Every structure is written in structure tokens, then in C-alpha cells.
Amino acid sequence: IVGVVAHRVLELAASEDSLISAQDTKVQLWIEHNLSQYALTSQCAERAKIRVSDLAKRALSCETGRRILGAQTDARSELAISRVEAGEVKNFVIDRTFLDDHEGVRWVIDFKTSEPMAGEPLADFEARESDTYREQLENYVELISEMQWEVDAPIKAALYFPAIQHLSVYE
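Residues numbered from 1 in each chain as written. Predicted model: local features only at pLDDT ≥ 70, side-chain atom pairs only at ≥ 80, totals over all residues. Heavy atoms only, no water.

Undergrad: What am I meant to see in empty space enclosed by the protein here?
TA: Any empty space left between atoms is shown by rolling a water-sized probe over those atoms. Enumeration according to the criterion identifies one cavity of 30 Å³ or more in this entry. Lining of the largest cavity is provided by Ala6, His7, Leu10, Phe111, Lys112, Thr113 and Pro162. Of the residues contributing to the lining of the largest cavity, the split by class is four nonpolar, two polar and one charged. (1 Å grid on protein atoms, 1.4 Å probe; cavity = no way out; pocket = protein on both sides within 12 Å on 5 of 7 lines; lining within 4 Å. Points joined across faces, edges and corners; volume = space filled by probe spheres on them. Nonpolar A, V, L, I, M, F, W, Y, C, P; charged D, E, K, R; others polar.)

Undergrad: Where do I start with the pairing of strand S2 (residues 88–100) in this structure?
TA: Both strand S1 (residues 73–85) and S2 contribute to a ladder of 10 bridges, which runs antiparallel. Its bridge partner being in S2, Arg83 is matched across the sheet by Lys90. With antiparallel pairing between neighbouring strands as the criterion, S1 and S2 make up a hairpin whose turn holds two residues, including Ala86 at a positive phi of roughly 50°. As paired strands, S2 and strand S3 (residues 105–111) are joined by five bridges and run antiparallel to one another. Within S3, the position partnered with Leu99 by the bridge is Arg106. Counting the residues that bridge the hairpin from S2 to S3 gives four residues, and of these Gly104 lies at a positive phi of roughly 65°. (Pairing = 2+ DSSP bridges. Helix = DSSP H or I, 4+ residues; strand = E, 2+ residues; numbered from the N terminus.)

Undergrad: Would you mind showing me how to read the packing of aromatic side chains here?
TA: Each pair of aromatic rings is reported with the distance of its centres and the angle of its planes. Inspection of the entire model under this criterion finds two aromatic pairs. Note on Phe111 and Tyr160: the rings are 6.2 Å apart at their centroids and 75° apart in plane angle, and the pair reads as edge-to-face. Within this pair, whereas Phe111 is found in strand S3, its partner Tyr160 is found in strand S4 (residues 155–161), the two being separated by 49 residues in sequence. Exposure class is identical for Phe111 and Tyr160. Each is buried. (Phe/Tyr/Trp six-rings, centres within 6.5 Å; stacked < 30°, edge-to-face > 60°. Buried < 20%, exposed > 50% of the residue type's maximum accessible area, 1.4 Å probe, protein only.)

Geometric descriptors of this kind do not, in isolation, establish any biological role.
Right, dumping it as C-alpha cells:
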């Protein structure tokens, strides 16, 4: 539930005309509204609210998070794409994609609410997460490359971890 609500809050933040700060009252309203859709005990709802608030605060207060969520060319959040694979319809949702005009690169970014375990080095955490989500990122890159865009550009994929304000670029 925390992951789903955090994704929704980041999507809403990215949809604003100008990127808001985590202190904006809208953020807490979005969190409360989205959590109210679930049958959580008051204690669980409060813990989830604290966690999602922290993730939103971290994403909206770091330079990388603000760049990802801010106004960009061809920006899309929670982009739903379907395709037929082996006679079966498969559905995908790409958390964030945009064209970075400065770098000339189209980014495909997947948000992850995970963070390193206590004492785990960042390099080990990144390797573990990259291994876990490699196929997913490869699918997303393939899906984005098959779409028609006004500007053709190389595609880069990355995992963004708001909890640690870190972008892990997929190589």
C-alpha cells in the first residue's frame, strides 16, 4: 500500500503546473485521500502516512527527484502500455519517462520505495536491486523504443530510490 500510494503522490506532484514542495498542504491531502481507499487500522494508516510522507519529502527535496518529477519534454507519469506476447495481452506501467533536452536522452525511470538493509553498502544494494528489476527495465526500454516520439533519442533506464535520494542508472 505504501508503494502504491507513494507512486500516486509522485504522479500527482509531477502533474502540477510547477513542481510543489513536500511541505505543500496538497501532498498531505493526497496521501490521506489515497490511504483512505484502503481498509487499514488507524495504527497501520498512521504508519503508512508517515512512511509515504517521508518518501514524498525526500523525492521533492532532492535535486535528482525534482529533476525527474519536474517539467520535461515528452514527460509522462504512470504511462500505461499494453502489448500482445505469445497471444496474451500484457500490461505495463512505466513510472516516469521524459526527454532530457540537455543530455539528448530519453529516460525511463522506475520508482522503488526500498532502501539498503542496515549496514548494507550502497553498491551491494544497487547490484541486488538491478538484478531484481533488470528484466522489467529492459521491457520498459523496449516498449518506449517502439513508441512514436517527436524526437528520436537514445534511451537510458534507471531506478530511483526516494528513500535514499538515489538514482541507479541501468547499464
